[in-house]
Amino acid sequence: MEFPGYDELRSQLKGRVRLPREQLQWGAKNLGNGVYQARLQRKELVIATGCDSPNTLVSTGTHLLVACEAGDLLAEVAASNLAFAYGASYLVFEQMPQQKHRGWVEDLYALGDGGDVTALLAEIAARARAHFDGYDLGRFKSIVFVTGGFPWGIAFPEVPTTHMYQYPDFGRSVVAGLWASQSPARGARNALLIEPALVQGGEIDAIANALNKNRTLTRVLPHRAATISRVQHMMDLLPQDVIVISSHAGDAQGTRVTYKYADDDGRHRTLIVDQTFSIGYDRVEDKFSVTEFTKFVSLDGVSWDDDVAKSALPVGTAVTTWSKLDMLERTKYVIAEDDINRVASSMAMMLKDGPWLFISHGFHPATAPLVLSNCCWSWHEIGLRMMFAGARGYVGTLFPVTDVEAQEVGRALFAGKPCEPTFKALWRAQREVYGTSPRRPYAMLGLPSVYVPVNPVNSPAYLHETYQKEIAHWSTAAEHYTEEELKDNAQRAANFLAEDFELFKRVISGLHTAGRC
């Protein structure tokens, strides 16, 4: 397929849009800055060799700042478009080197080791604030940080802040947030509250009461119902507008495995990886589902986190050769195995039957949920995966919190002002709980327009129709798939939905307005 060129596209726009009469000459750097200034000045942006392309704060007022970490030109342009849509000021700030970034995130993780957590957090926040020397970000009323991974909002506790990841799928996350926030009918039809009873918390009841007052149909998976298989099915196969998880989280235990093999290029390689697994039991099908998480540690003695040394390493086909091997084949090349207490970045949430690794390509296509993971450390990695899967917003913790903290913040987040933006509700909730203390365990991902609307939908009727459509869809898919694995998966989905639909009908029978089931 041949795509039209610039001149052809320009000619097609004539008569549909008014083309700018003036041009803004710009260099090849800081494209987001150039795009935004051209739009504000109503000029055509022209990239020309030798032109200046300064990185400056584009100021349109103090109501909102979109601050984008440098290093990804596409993300910078997308962030400038986001700023234009909100009429916000726009800033590209210095990129944090990857190794430094990993060190700072590890410092946050280490807060779980004890000590004066509040003082240690204040020291990390001060370091982060110093990264913005020369910019008075505290004067803005709210800030969206487009980040490479660090929660920059901790540096500005006096301001409501939220975050968006540059990678992966920044643009998709923006679209999901805008789509879900544009209509109240897509924001709070039903909620899934997951409570495996592993913490002495009481926020689930308080959150359920707040959502019921919002006319949101609220379903709780308590105790033995909060299993890996059921939770995964509920999130994959049914539209959930709000998801709350009350449990523990953290990097899982696992195994450090050393492989020795020849790659496809004939080189002899030594690959060390950390591995952990999540195993869920499907009672309906009497089968186990296994999710594997693997983190590369080193290749041929070179640390995978050493970007400088790794750049000189002839990786070649070492990784692709290993990846093509199934789990049974790989065992032939194992030369050492050692148990380890922590597989870094694995971030598992504890459910009733064990650690759950949330790794999903997408939620149900009819929804973009707002997720509160009231679990220790849950902002790291889990937030990235939830946003990649299509969540419109995500709230998690940067380090371990007490049960009392989790209860108080959880209650305040959902019991605040009706239709208040979630990032502001979180900011108010933490101010109520922590006052002037620098302790701020919670951080948010999502657009500043993400909120929980008052539900205008007849939720029982909506879900009743959804069950019927999904059962029909997966049953038909099971009949038409030719590959046995796809056929089995589709039938498994249809069977689960059929069983759960019967439970739903029994519980919801007689209800005419949204409530808790």
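For the structure itself, consult the block above.
Residues numbered from 1 in each chain as written. Predicted model: local features only at pLDDT ≥ 70, side-chain atom pairs only at ≥ 80, totals over all residues. Heavy atoms only, no water.

A. Structural context of the pairing of strand E11 (residues 254-262). Across six bridges, the pairing between E11 and strand E15 (residues 334-340) is antiparallel. Looking at E15, one finds that threonine 258 is bridged to alanine 336. Here E11 runs beside strand E12 (residues 268-282); their pairing, made up of eight bridges, is antiparallel. Of the residues in E12, the one forming a bridge with threonine 255 is glutamine 275. Taking the residues between adjacent antiparallel strands as the criterion, E11 and E12 are bridged by five residues, where glycine 266 takes a positive phi near 90°. (Pairing = 2+ DSSP bridges. Helix = DSSP H or I, 4+ residues; strand = E, 2+ residues; numbered from the N terminus.)

B. The arrangement of the sheet that holds E11 in detail. Ordered by their spatial adjacency, five strands build an open sheet running E14-E13-E12-E11-E15, and the pairing between neighbours is antiparallel. In the strand order of this sheet, the two ends are held by strand E14 (302-303) and E15, each with one partner.

C. Region of the structure containing the layout of surface pockets. Computed from the structure, the largest pocket encloses a volume of approximately 1400 Å³. Along the wall of the largest pocket there are 42 residues; nearest its centre are His101, Lys295, Ser345, Glu381 and Leu384. Elements with a minimum of two residues in the lining of the largest pocket: helix H4 (98-109), strand E13 (287-299) and helix H12 (382-389). The dominant element in the lining of the largest pocket, judged by the number of residues it contributes, is H4, at seven residues. Here the second largest pocket defines a volume of roughly 920 Å³. What lines the second largest pocket is a set of 31 residues, among which Gln232, His233, Asp236, Asn489 and Arg492 lie closest to the centre. For the lining of the second largest pocket, the elements supplying multiple residues, two or more each, are helix H8 (228-237), E12, E13, helix H15 (459-480) and helix H16 (484-508). (1 Å grid on protein atoms, 1.4 Å probe; cavity = no way out; pocket = protein on both sides within 12 Å on 5 of 7 lines; lining within 4 Å. Points joined across faces, edges and corners; volume = space filled by probe spheres on them.)

D. Inspection of the packing of H4 against helix H5 (residues 117-130) at higher detail. Running from N to C, H4 and H5 point in directions that differ by 160°, and their axes come no closer than 10 Å. For the element pair H4 / H5, the angle class is roughly antiparallel. Considering the relative orientation of H4 and H5, their crossing is left-handed. Contact residues: H4 offers Trp104, Asp107 and Leu108, while H5 offers Leu121, Ile124, Arg127 and Ala128. (Axes fitted to C-alpha atoms, helices over the stretch in contact; angles between N-to-C directions. Parallel < 35°, antiparallel > 145°, perpendicular 65-115°, else oblique. Left-handed = near helix turned anticlockwise from the far one by under 90°. Contact = heavy atoms within 4.5 Å.)

E. How the structure looks around the pairing of E13. Across 12 bridges, E12 lies against E13 in antiparallel orientation. Following the sheet pairing, aspartate 282 is matched in E13 by lysine 287. The hairpin turn running from E12 into E13, its antiparallel successor, is four residues long, and aspartate 286 in that turn takes a positive phi close to 55°. In this antiparallel pair of consecutive strands, E13 and E14, the connection spans two residues, and aspartate 300 shows a positive phi of 55°.

F. Molecular detail of the packing of aromatic side chains. Here the structure, examined in full by the defined rule, presents 23 aromatic pairs. For the ring pair tryptophan 104 and phenylalanine 150, a centre distance of 5.3 Å and an interplane angle of 70° mean the geometry is edge-to-face. Placement of tryptophan 104 in helix H4 and of phenylalanine 150 in the loop between strand E5 (143-147) and strand E6 (161-165) is noted, with a sequence separation of 46 residues between them. A relative accessible area of 1% places phenylalanine 150 in the buried class. For the pair tyrosine 109 and tryptophan 377, a centre-to-centre distance of 4.4 Å together with 10° between the ring planes defines the contact as stacked. Here tyrosine 109, found in helix H4, pairs with tryptophan 377, found in the loop between strand E18 (370-374) and H12; they are 268 residues apart in sequence, far enough to count as distant. The cationic tip of arginine 39 hangs over the ring face of phenylalanine 84; the distance from NZ or CZ to the ring centre is 3.9 Å. (Phe/Tyr/Trp six-rings, centres within 6.5 Å; stacked < 30°, edge-to-face > 60°. Buried < 20%, exposed > 50% of the residue type's maximum accessible area, 1.4 Å probe, protein only. Lys NZ or Arg CZ within 6 Å of the ring centre and 35° of its normal.)

Just distances and angles here, no functional claims.
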